[in-house]
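# Analysis of the macromolecular model
In case you want the letters, here they are:
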Amino acid sequence: QKEVEQNSGPLSVPEGAIASLNCTYSDRGSQSFFWYRQYSGKSPELIMFIYSNGDKEDGRFTAQLNKASQYVSLLIRDSQPSDSATYLCAVTPSSYKLIFGSGTRLLVRP
Amino acid sequence: DAEITQSPRHKITETGRQVTLACHQTWNHNNMFWYRQDLGHGLRLIHYSYGVQDTNKGEVSDGYSVSRSNTEDLPLTLESAASSQTSVYFCASSERRGDIQYFGAGTRLSVL
């Protein structure tokens, strides 16, 4: 079992729809959770972080954390073609070394 | 503005040659990391450092080495480049262990 798992996609949504990206992790002691966006040929950039159970909203982005079920999700409301990218989930397990998922490719159709 | 820079951005080398990739950050972060990214594998940790004179192996450290002589720099050396080391390399830094990491623009390395 991979430590951080994501569906590779692509996840295709129409412009204006809600995109829902999911991530599961294996270490129950994980403390911090991050979502990075990576455009093709570019480096990962942080878009959201969440430390506590529940929802955290920032503009069109909402991160959701459920530690009991060991999953974290990212919702993107009013998706735009410019949101088309690969989204990397990252988790800080007990070792304090970030573990990255392989990423989910999102395509937003105009 | 503080930043993290990598050089070169692109490098082509031959098998068996020694190659050094530079990473320089101006955030004064103690924690620095090197990753490689390949299709289907995501980001894999090569080496990391939690401070000057501290270096540690990551999950894919064979064939790579790092040294940390100051806070700002963590160069990555490929002792004898192999075709399997053709990849995109990212350097990152963070203020606290296990917390947000900020990435450089990456170095695309081709070993022929």
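The preceding data block contains the structure.
These remarks concern the structure in this document. This is a predicted model, so every value here is computed, not measured. (Residues numbered from 1 in each chain as written. Chains lettered and ligands numbered in written order. Predicted model: local features only at pLDDT ≥ 70, side-chain atom pairs only at ≥ 80, totals over all residues. Heavy atoms only, no water.)

## Focus: the pairing of strand E3 (residues 19-25) of chain B
Residue and element names in this part refer to chain B. Only one face of E3 is buried, namely the one carrying Val-19, Leu-21, Cys-23 and Gln-25, since none of Thr-20, Ala-22 and His-24 on the opposite face is buried. Judged from the four bridges that link them, strand E1 (residues 4-7) and E3 form a sheet pairing that is antiparallel. Bridging across to E3, Gln-6 finds its partner in Cys-23. In the sheet, E3 pairs with strand E8 (residues 76-78) via three bridges, with the strands oriented antiparallel. Across the sheet, Val-19 pairs through a bridge with Leu-78, a residue of E8. (Buried < 20%, exposed > 50% of the residue type's maximum accessible area, 1.4 Å probe, protein only. Helix = DSSP H or I, 4+ residues; strand = E, 2+ residues; numbered from the N terminus. Pairing = 2+ DSSP bridges.)

## With respect to the packing of aromatic side chains
This structure, assessed with the given rule, holds 14 aromatic pairs over all chains. Centroid distance Phe-49 of chain A to Tyr-51 of chain A: 5.3 Å. Interplanar angle 40°. Geometry classified as tilted. A relative accessible area of 28% places Phe-49 of chain A in the partly exposed class. A relative accessible area of 34% means that Tyr-51 of chain A is categorised as partly exposed. On the basis of an interplanar angle of 20° and a centroid distance of 6.4 Å, the ring pair of Phe-33 of chain B and Tyr-48 of chain B is categorised as stacked. Remark: Tyr-48 of chain B occurs in strand E5 (residues 42-51) and Phe-33 of chain B occurs in strand E4 (residues 31-38); sequence separation between them is 15 residues. Just as Phe-33 of chain B is buried, Tyr-48 of chain B falls in that class too. The structure contains a cluster of three or more aromatic residues connected by ring pairs, namely Tyr-36 and Phe-100 of chain A together with Phe-33, Tyr-35, Tyr-48, Tyr-50, Phe-90 and Phe-103 of chain B. Taking NZ or CZ as reference, Lys-56 of chain A lies 3.3 Å from the ring centre of Phe-49 of chain A, over its face. Just above the ring of Phe-61 of chain A sits the side chain of Arg-60 of chain A; from NZ or CZ to the centre is 5.5 Å. (Phe/Tyr/Trp six-rings, centres within 6.5 Å; stacked < 30°, edge-to-face > 60°. Lys NZ or Arg CZ within 6 Å of the ring centre and 35° of its normal.)

## Side note on the sheet that holds strand E6 (residues 54-58) of chain A
Residues and elements named next belong to chain A. The antiparallel open sheet is built from five strands, whose spatial order is E1-E3-E8-E7-E6. Each edge of the open sheet is held by one strand with a lone partner, namely strand E1 (4-5) and E6. Direction of pairing for E6 relative to strand E7 (residues 61-66): antiparallel, over a ladder of five bridges. Within the sheet, the bridge partner assigned to Gly-54 lies in E7 and is Leu-65.

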